[in-house]
There are 2 protein chains.
Amino acid sequence: MKKRINRLIRSVKKLSLDALLIGAPDNIEYLTGFQAPGGYLLVTPGKIIYFTHYVYFEQAKKNPLWEVILAQTDMFSAIAKKARASGIRRLGFEAKRLTFLEYKKIKEEITSRNIGFLKTDDVVERLREVKTPDELRCIRRAVQITEEALGYARELMDSAHYSEKTLALEIERFMKLKGDTRTAFDPIVASGAHAAYPHAQSGPDKVFSRKLVLIDLGARCCGYCADLTRVFFLGKMPNYHIKKIYNIVKAAQEKAISKIRAGVRACDIDSAARNYIEKKGLGKSFGHGLGHGVGLCVHELPYLSPHARGVLRENMVVTVEPAVYLPGKLGIRLESMVLVKNKGAEVIDGNFYWKYKTR
Amino acid sequence: MKKRINRLIRSVKKLSLDALLIGAPDNIEYLTGFQAPGGYLLVTPGKIIYFTHYVYFEQAKKNPLWEVILAQTDMFSAIAKKARASGIRRLGFEAKRLTFLEYKKIKEEITSRNIGFLKTDDVVERLREVKTPDELRCIRRAVQITEEALGYARELMDSAHYSEKTLALEIERFMKLKGDTRTAFDPIVASGAHAAYPHAQSGPDKVFSRKLVLIDLGARCCGYCADLTRVFFLGKMPNYHIKKIYNIVKAAQEKAISKIRAGVRACDIDSAARNYIEKKGLGKSFGHGLGHGVGLCVHELPYLSPHARGVLRENMVVTVEPAVYLPGKLGIRLESMVLVKNKGAEVIDGNFYWKYKTR
């Protein structure tokens, strides 16, 4: 954690700031290991100070990294007073994470003490893009649990006629027993035409045999997320049309993964898959980005999309999830997680698809 | 839903605005029944327009209430164009819910089209305070499921030595099977001294007999939350000291509930409980507010706290949750949900406590 804070302080200095005020819980967790909503972290070159409410105060006090200040209704003036006392003249804030009202109230307190309050973008988020060996261990474990949950889902679908909702609950529980008590997100179990909604809600529909079932799920381990999607075909072999689409999506994914290595532009990875799907005449059926970074948040920097700027760096972790959605008919999305290395891509999950199985 | 939108339009007009831009997903859900992140709702007296990404577009199109606009990177200019085309001159925004960056980008687009972009506070949130009969039915059902889950927890604790984490998972699953696939929040199961943290995380500790176990949990039904807390004593009777604290908290809760009726100031309900706990010499051990509104969000307006302004109105739903926390030793919090009526309070849950049970 010390290292992370030191790296952050270097970033802050590069921006000609004296300190950074952090309100985003995931950024606070990244820097200090402490996970709670509603607090603010003031990172200065000398020390770090955490402002929290009564509800989290006793837990926060146990963290040796910081000075903890108990604030209630006077949160914003407490921050400003401390900034003033620490000799801060230029304080940065997170433009994407502070609400307008927080910004306005803190700015009032801060500027009345002759301190500049300056907008920053993604300062901590950019540090989080490249994963350390410790972080990679957590991610690998989360991916492993997620794959086990997929195997469990296959067994369950084989043994009974589950509804989407109940199947989603069972695999969620499986992941929570093995990993963190939070999953990365609520599992999506979407059968048949439901799979045509990129973010379907699991409903009361039965996961019938012969139907296509899309499962998008992710466990967490020590806070770090996994995010995988698989498509199952139960009972009969899928028809020629569905198989063809499946293979297009699979090939698009392989094309993208084969391009991944440090130094490549993120938008070029996206276009490798997108161009292939377009060439097959299905360009309009793939309307979202190809992938995203995964870490303490299930969606974080870097993004793989047509508009993405920037270049992949070693030890970034990204999803690669091309898809084809045919509203009212079907949706096929295949999602793997990839570790960016200097020489190429390492697929973290087995990247194994149960294309179809007969009962 | 039409009624809610009409009420909102009346509020908007009272603020001398032509329209309101809503980004908070729970406010959008309240007004339209549609639940998805990342979209924006433009409510004008003539019609309502929803701006969403590709991922939710197909689902959004099914809602007959609105015009849906598919926006990707041009989200903010799409909103501004539509506002201009609708003849809006003064557009309100949600100061507590928009991030600073969203505010800045939308404002740029809006003001370049000669439209005023004006801060509002809690416009939809204030409509949500008073519940309709439909909403109350959902809340009552969520409370019922939550109470059943508490009974289930008692049976489980009786039948095996669960860890906090596993017990939390079992009751979570129970609530999800019976209610919505989302719970109101991750259940808190905190045994012994853990209960002294108001928001404890359920850990690997075994819920041993003779220990005090605090369970704070809430199911959802059709989006609406429940939020209840109970304290169990397993095995031996609790000692005199613990029983005394339990009874103080219980009496404080009863005092507060007996004061609740439409027309009473929210801060007076808080002080009814707080003064009693202070009189018993434990004032410093109760540091949070007495309660909060419950609806589509588990914490919403109105708040019962020393700083709360405003008066209770009929058909508000609030929690009443006095507590005593003794760090390193124990915590006792008792939480019930109360419906505010003109003549008094109706406790929605059975308000029944398993004070202690012997194996």
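Residues numbered from 1 in each chain as written. Chains lettered and ligands numbered in written order. Predicted model: local features only at pLDDT ≥ 70, side-chain atom pairs only at ≥ 80, totals over all residues. Heavy atoms only, no water.

## Some remarks on the overall build of chain A
Consideration 1: Helix and strand counts for chain A stand at ten helices and 18 strands.
Consideration 2: Relative to the compact-globule value of 21 Å for 359 residues, chain A shows a C-alpha radius of gyration of 23 Å, a close match.
Consideration 3: If one aligns the C-alpha atoms of chain A with their principal axes, the spans along those axes are about 70 × 40 × 35 Å.
Consideration 4: A separation of at least 24 residues holds for 67% of the contacts in chain A among residues at least 6 apart in sequence.
Consideration 5: Summing over all exposed atoms, chain A offers an accessible surface of approximately 14,700 Å²; the carbon and sulfur share of this is 51%.
Consideration 6: Between the mean site of the 60 positive side-chain charges and the mean site of the 38 negative ones, chain A shows a separation of 3 Å. (Helix = DSSP H or I, 4+ residues; strand = E, 2+ residues; numbered from the N terminus. Rg over C-alpha atoms; globule rule 2.2 N^0.38 Å. Contact = heavy atoms within 4.5 Å. Areas by Shrake-Rupley, 256 points an atom, 1.4 Å probe, with all protein chains shown as cover. Lys, Arg positive; Asp, Glu negative; His and termini not counted. Charge placed at Lys NZ, Arg CZ, Asp CG, Glu CD.)

## Here we look at the interface of chain B and chain A
Consideration 1: If you look at the interface, chain B gives 46 residues, while chain A gives 46 residues.
Consideration 2: For the chain B and chain A pair, buried surface summed over both sides reaches about 4,000 Å², with 61% attributable to carbon and sulfur atoms.
Consideration 3: By the criterion of area lost to chain A, the three top residues of chain B are B:Tyr54, B:Phe100 and B:Tyr197, representing 18% of everything that side buries.
Consideration 4: Taken together, the connections running from chain B to chain A amount to four salt bridges.
Consideration 5: Residue B:Lys176 is joined to A:Glu172 by a salt bridge in which the shortest nitrogen-to-oxygen separation is 2.5 Å.
Consideration 6: For the pair chain B and chain A, the number of links is 26 residue pairs in polar contact (both at pLDDT 80 or more).
Consideration 7: Counting residues per element, the side of chain B that touches chain A draws most heavily on helix H8 (residues 164–178) of chain B, at eight residues.
Consideration 8: The residue inventory of the side of chain B that touches chain A, partitioned by class, reads 17 nonpolar, 14 polar and 15 charged. (Buried area = accessible area lost by both parts, 1.4 Å probe. Salt bridge = Lys/Arg side-chain N within 4 Å of Asp/Glu carboxyl O. Polar contact = N/O pair within 3.5 Å; in protein donor to acceptor, adjacent residues only side chain to side chain. Nonpolar A, V, L, I, M, F, W, Y, C, P; charged D, E, K, R; others polar.)

## Details of the relation of the copies chain B and chain A
Consideration 1: Rotating chain B by 180° about the axis while translating it 0.0 Å along that axis superimposes it on chain A, leaving an RMSD of 0.0 Å. In the structure described here, the two chain copies are related by an operation that fits a two-fold rotation axis.
Consideration 2: The overlap is high: 100% of the interface residues of chain B also sit at the interface in chain A, so the same surface is used on both sides. (Least-squares fit on C-alpha atoms with pLDDT ≥ 70 in both.)

## Description of the pairing of strand E3 (residues 48–52) of chain A
On a regular strand, one side chain projects to one face of the sheet and the next to the other, so that they alternate.
Residue and element names in this part refer to chain A.
Consideration 1: Of all five residues making up E3, five are buried, and the element is well covered by its neighbours.
Consideration 2: Here E3 shows no split at all, with Ile48, Tyr50 and Thr52 on one side and Ile49 and Phe51 on the other all buried.
Consideration 3: Bridge analysis of strand E2 (residues 40–43) against E3 gives four bridges, and the strand direction is antiparallel. If you follow tyrosine 40 over to E3, its bridge partner there is phenylalanine 51.
Consideration 4: Taken together, E2 and the strand that follows it, E3, pair antiparallel across an intervening segment of four residues.
Consideration 5: Handedness of the crossover is the feature at issue here: the chain leaves E3, passes through helix H3 (residues 54–61), returns alongside strand E4 (residues 67–70), and the resulting connection is right-handed. (Buried < 20%, exposed > 50% of the residue type's maximum accessible area, 1.4 Å probe, protein only. Pairing = 2+ DSSP bridges. Right-handed = clockwise from strand over helix to strand, strands pointing away.)

## Topic: the sheet that holds strand E5 (residues 90–94) of chain B
Residue and element names in this part refer to chain B.
Consideration 1: Spatial strand order, E4-E3-E2-E1-E5-E6: six strands in an open sheet with mixed pairing. Strands with a single pairing partner mark the edges of an open sheet, and in this sheet they are strand E4 (67–70) and strand E6 (116–120). On average, each strand axis in the sheet is tilted by 25° relative to the strand beside it, whichever way the strands run.
Consideration 2: For strand E1 (residues 19–22) and E5, the ladder comprises three bridges, and the chain directions are parallel. Across the sheet, residue leucine 21 finds its bridge partner in E5, namely phenylalanine 93.
Consideration 3: In this fold helix H4 (residues 75–85) packs onto E1, strand E2 (40–43), strand E3 (48–52) and E4, with an angle of close to 165° to the strand it touches most, E3. (Axes fitted to C-alpha atoms, helices over the stretch in contact; angles between N-to-C directions.)

## Examining the environment of A:Glu148
Residue and element names in this part refer to chain A.
Consideration 1: Along the polypeptide, glutamate 148 turns up in helix H7 (residues 133–159).
Consideration 2: In this structure glutamate 148 comes out as partly exposed when scored by relative accessible area, which is 27%.
Consideration 3: Considered as a pair, glutamate 148 and isoleucine 171 are 23 residues apart in the sequence and their alpha carbons are 9.4 Å apart.
Consideration 4: Each residue touching glutamate 148, except ones within four places of it in the same chain, is listed here: Arg141, Phe174 and Lys178.
Consideration 5: Among the polar contacts listed, one links the side chain of glutamate 148 to the side chain of lysine 178, at a separation of 2.7 Å.

## Here we look at the side chain of A:Thr52
Consideration 1: If you trace the backbone, A:Thr52 turns up in strand E3.
Consideration 2: With residues up to four places along the chain from it excluded, the contact list for A:Thr52 reads A:Phe57, A:Ala60, A:Val68, A:Ile69, A:Leu70, A:Ala71 and A:Met75.

## Description of the sheet that holds strand E7 (residues 188–191) of chain A
All names here are of chain A.
Consideration 1: Strand order across the open sheet formed by three strands is E7-E8-E11, with antiparallel pairing between neighbours. Since the sheet does not close on itself, it has two edges, and those belong to E7 and strand E11 (228–233), each with one partner. Across the sheet, the mean angle separating the axes of adjacent strands is 15° when strand polarity is ignored.
Consideration 2: Sheet topology note: the E7/strand E8 (residues 212–217) ladder contains four bridges and is antiparallel. Along E8, the bridge assignment pairs alanine 190 with leucine 214.
Consideration 3: In the packing of H7 onto the sheet, contacts are made with E8 and E11, and the angle to E11 comes to roughly 20°.
Consideration 4: Sitting on the sheet, helix H8 (residues 164–178) touches E7 and E8, and the angle it makes with E7 is about 150°.

## Topic: a positive patch on the surface
Consideration 1: A cluster of basic residues, A:Lys244, A:Lys255, A:Lys279 and A:Lys280, forms a positive patch on the protein surface.
Consideration 2: Structurally, A:Lys280 can be placed in the loop between helix H10 (266–279) and strand E12 (291–293). (Patch = residues over 30% accessible without salt bridge, like charges linked within 9 Å, V, L, I, M, F, W, Y side chains within 5 Å.)

## Brief notes about the pattern of salt bridges
Consideration 1: This structure, assessed with the given rule, holds 54 salt bridges over all chains.
Consideration 2: One salt bridge connects A:Arg137 with A:Asp134, and the closest N-O pair in it is separated by 2.5 Å. Placement of both A:Arg137 and A:Asp134 in helix H7 is noted, with a separation of three residues, approximately one turn of the helix.
Consideration 3: For the salt bridge of B:Glu300 with B:Lys131, the shortest nitrogen-to-oxygen distance reads 2.6 Å. Highlighted residues: B:Glu300 in strand E13 (residues 300–304) and B:Lys131 in the loop between helix H6 (123–128) and helix H7 (133–159), separated in sequence by 169 residues.
Consideration 4: In this structure B:Glu300 comes out as buried when scored by relative accessible area, which is 8%.
Consideration 5: What emerges from the salt-bridge pattern is a single network uniting A:Asp26, A:Arg97, A:Glu125, A:Arg128, A:Lys131 and A:Glu300.

## Concerning the packing of aromatic side chains
Consideration 1: A complete count under the given rule lists 26 aromatic pairs over all chains for this structure.
Consideration 2: Here A:Phe34 and A:Trp66 contribute two aromatic rings whose centre-to-centre distance is 5.2 Å and whose plane-to-plane angle is 75°, an arrangement assigned as edge-to-face. Of the two residues, A:Phe34 is situated in the loop between helix H2 (25–32) and E2 and A:Trp66 in the loop between H3 and E4; the sequence distance between them amounts to 32 residues.
Consideration 3: Residue classification places A:Phe34 among the buried residues on the basis of a relative accessible area of 11%.
Consideration 4: What makes A:Trp66 buried here is its relative accessible area of 8%.
Consideration 5: One aromatic cluster is present, built from ring pairs that chain together A:Phe93, A:Phe100, A:Tyr103, A:Phe117, B:Phe93, B:Phe100, B:Tyr103 and B:Phe117.
Consideration 6: If you follow A:Arg4 out to its NZ or CZ, it ends over the ring of A:Tyr30, 4.4 Å from the centre. (Phe/Tyr/Trp six-rings, centres within 6.5 Å; stacked < 30°, edge-to-face > 60°. Lys NZ or Arg CZ within 6 Å of the ring centre and 35° of its normal.)

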